[in-house]
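Chain by chain, the residues run as shown.
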Amino acid sequence: MRLDPRLGGAAALRLLLAAHVVAAFEPITVGIAIGAASALTGYLSYKDLYCRFAECCRSERPLNASALKQDLEEKLFGQHLATEVILKALTGFKNNKNPKKPLTLSLHGWAGTGKNFVSQIVAENLHPKGLKSNFVHLFVSTLHFPHEQHIKLYQDQLQRWIRGNVSACAGSVFIFDEMDKLHPGVIDAIKPFLDYYEQIDGVSYRKAIFIFLSNAGGDLITKTALDFWRAGRKREDIQLKDLEAVLSVGVFNNKHSGLWHSGLIDRNLIDYFIPFLPLEYRHVKMCVRAEMKARGSAIDEDIITRVAEEMTFFPKDEKIYSDKGCKTVQSRLDFY
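In this text, all values refer to a predicted model and were calculated from it rather than measured experimentally.

### Comments concerning the packing of aromatic side chains
Okay, step 1: Within this structure, the stated rule accounts for eight aromatic pairs.
Okay, step 2: With a centroid separation of 6.1 Å and 55 degrees between ring planes, the pair formed by Y281 and F313 is classed as tilted. Here Y281, found in helix α13 (residues 281-294), pairs with F313, found in strand β6 (residues 313-314); they are 32 residues apart in sequence, far enough to count as distant.
Okay, step 3: By way of ring pairs, the aromatic residues F139, F145, Y154, F176 and F212 are connected into one cluster.

### Description of the state of the cysteines
Okay, step 1: The tally for this structure, following the rule as stated, stands at three disulfides.
Okay, step 2: Disulfide partner of C51: C56, at an S-S distance of 2.0 Å. Here the S-S torsion is close to -100 degrees, and the disulfide linking C51 with C56 is therefore left-handed.
Okay, step 3: Disulfide partner of C57: C169, at an S-S distance of 2.0 Å.

### What about unusual backbone geometry?
Okay, step 1: The omega torsion across F314 and P315 is -5 degrees, close enough to zero to call that bond cis.
Okay, step 2: Among the structural elements, P315 can be located in the loop between β6 and β7 (321-322).
Okay, step 3: Positive phi values are uncommon outside glycine, yet E178 reaches one of about 60 degrees.
Okay, step 4: Along the chain, the position of E178 falls in the loop between β3 (173-177) and α9 (191-194).

### Section: the pattern of salt bridges
When charged atoms on two side chains of opposite charge get close, those side chains can pair.
Okay, step 1: Under the definition given, this model contains 19 salt bridges.
Okay, step 2: With a closest N to O distance of 3.6 Å, K181 and D180 form a salt bridge.
Okay, step 3: Two residues, E318 and R230, come together in a salt bridge whose shortest N-O distance is 3.0 Å. Placement of the pair is E318 in the loop between β6 and β7 and R230 in helix α10 (residues 218-230), with a sequence separation of 88 residues.
Okay, step 4: Each of R235, E236, E280 and R282 takes part in salt bridges that share partners, so that together they form one network.

### Observations regarding helix α14 (residues 301-310)
Okay, step 1: I303, I304, V307 and A308 are the residues of α14 that are buried. Axial view of α14: buried residues confined to an arc of 130 degrees, hence all on one face.
Okay, step 2: Buried residues belonging to α14 abut α13, β6 and α15 (329-333).
Okay, step 3: For α14, the side-chain oxygen to backbone nitrogen distance between the N-cap and D302 is 2.9 Å, and the N-cap itself is D300.

### Details of the nonpolar core
Okay, step 1: I162, F176 and I190 are the most contacted members of the largest nonpolar core, which totals 69 residues.
Okay, step 2: The element contributing the most residues to this core is helix α5 (residues 80-95), with eight residues.
Okay, step 3: Setting aside residues no more than four positions away along its own chain, F176 makes contact with F139, L158, I162, I187, I190, F210, I211, F212 and L213.
Okay, step 4: Grouped together as the second largest cluster of nonpolar side chains are 15 residues, C287, I303, M311 and L333 included.

Procedures and definitions
Residues numbered from 1 in each chain as written. Predicted model: local features only at pLDDT ≥ 70, side-chain atom pairs only at ≥ 80, totals over all residues. Heavy atoms only, no water. Phe/Tyr/Trp six-rings, centres within 6.5 Å; stacked < 30°, edge-to-face > 60°. Helix = DSSP H or I, 4+ residues; strand = E, 2+ residues; numbered from the N terminus. Disulfide = S-S within 2.5 Å. Salt bridge = Lys/Arg side-chain N within 4 Å of Asp/Glu carboxyl O. Buried < 20%, exposed > 50% of the residue type's maximum accessible area, 1.4 Å probe, protein only. Arc of directions from axis to C-beta. Contact = heavy atoms within 4.5 Å. Polar contact = N/O pair within 3.5 Å; in protein donor to acceptor, adjacent residues only side chain to side chain. Core = buried A, V, L, I, M, F, W, Y, C linked by side-chain atoms within 4.5 Å.

Shown next, in the form of structure tokens:
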């Protein structure tokens, strides 16, 4: 028998308000309140209603490719390769209902070129709370794995952490920053999770995403960009095939890459090596303009030019690329 809509609606409203208040305390209380509200209204499932008040893992939630494309094109400057590859990789992976392995991306380039920024964009498009989500996990090498003598401990901890979080949410995202400062061998602990296994100890890792961020290979990327510039060719003419093989070999043989002689490369478990090109003067100006807009400040082209001109550029003779990318734009803009 359906309740009188006037009584049911009022009661449901009170219960929903109560659920909103108790959301800050603990999930069982929230569940009781939401369950009662759902029973009274009859309009929403328990899960749908619960997820309005608490973060839920929605691994099957489709990726809004248009929103991701817009974010990358409007917020990331001078990185046509990263924009193209990340959009295609994520769209293809999320559209595949039965992937054979997790998606693994390795982002390379000098500091300030946009690697961390892109990982933030990706996280926000996969989980609404982005880096604050319970299902997005950020590891920083110098913070989480600082001591070489504890490599075995780090490997065990890493395996337990990933196993536990993928068990809770199949679509978990794991970001490893400062890979070039990671002690050799640590990252190989996660090799089984990145491989083509249907399950490991009853857990499937096939819908998880792993992202590595590294400065390693920045010199190789810059050399290619400079070769194109000196040949009178546009940076937009650089294709992934011009860099990906060079990057994978260079990183594999680099003792300070975090992937030195790694089984992840040996077994071809990294799906894409994504180069981030060094940024030019015009890209720095774009970064300054975007930061002013984000702060709600009036766009002042004179200030934009002055901030950009304060940056230092290399090589010594040509002075084409910003040696810090856009990394110090925020702090420099504080002076104006």
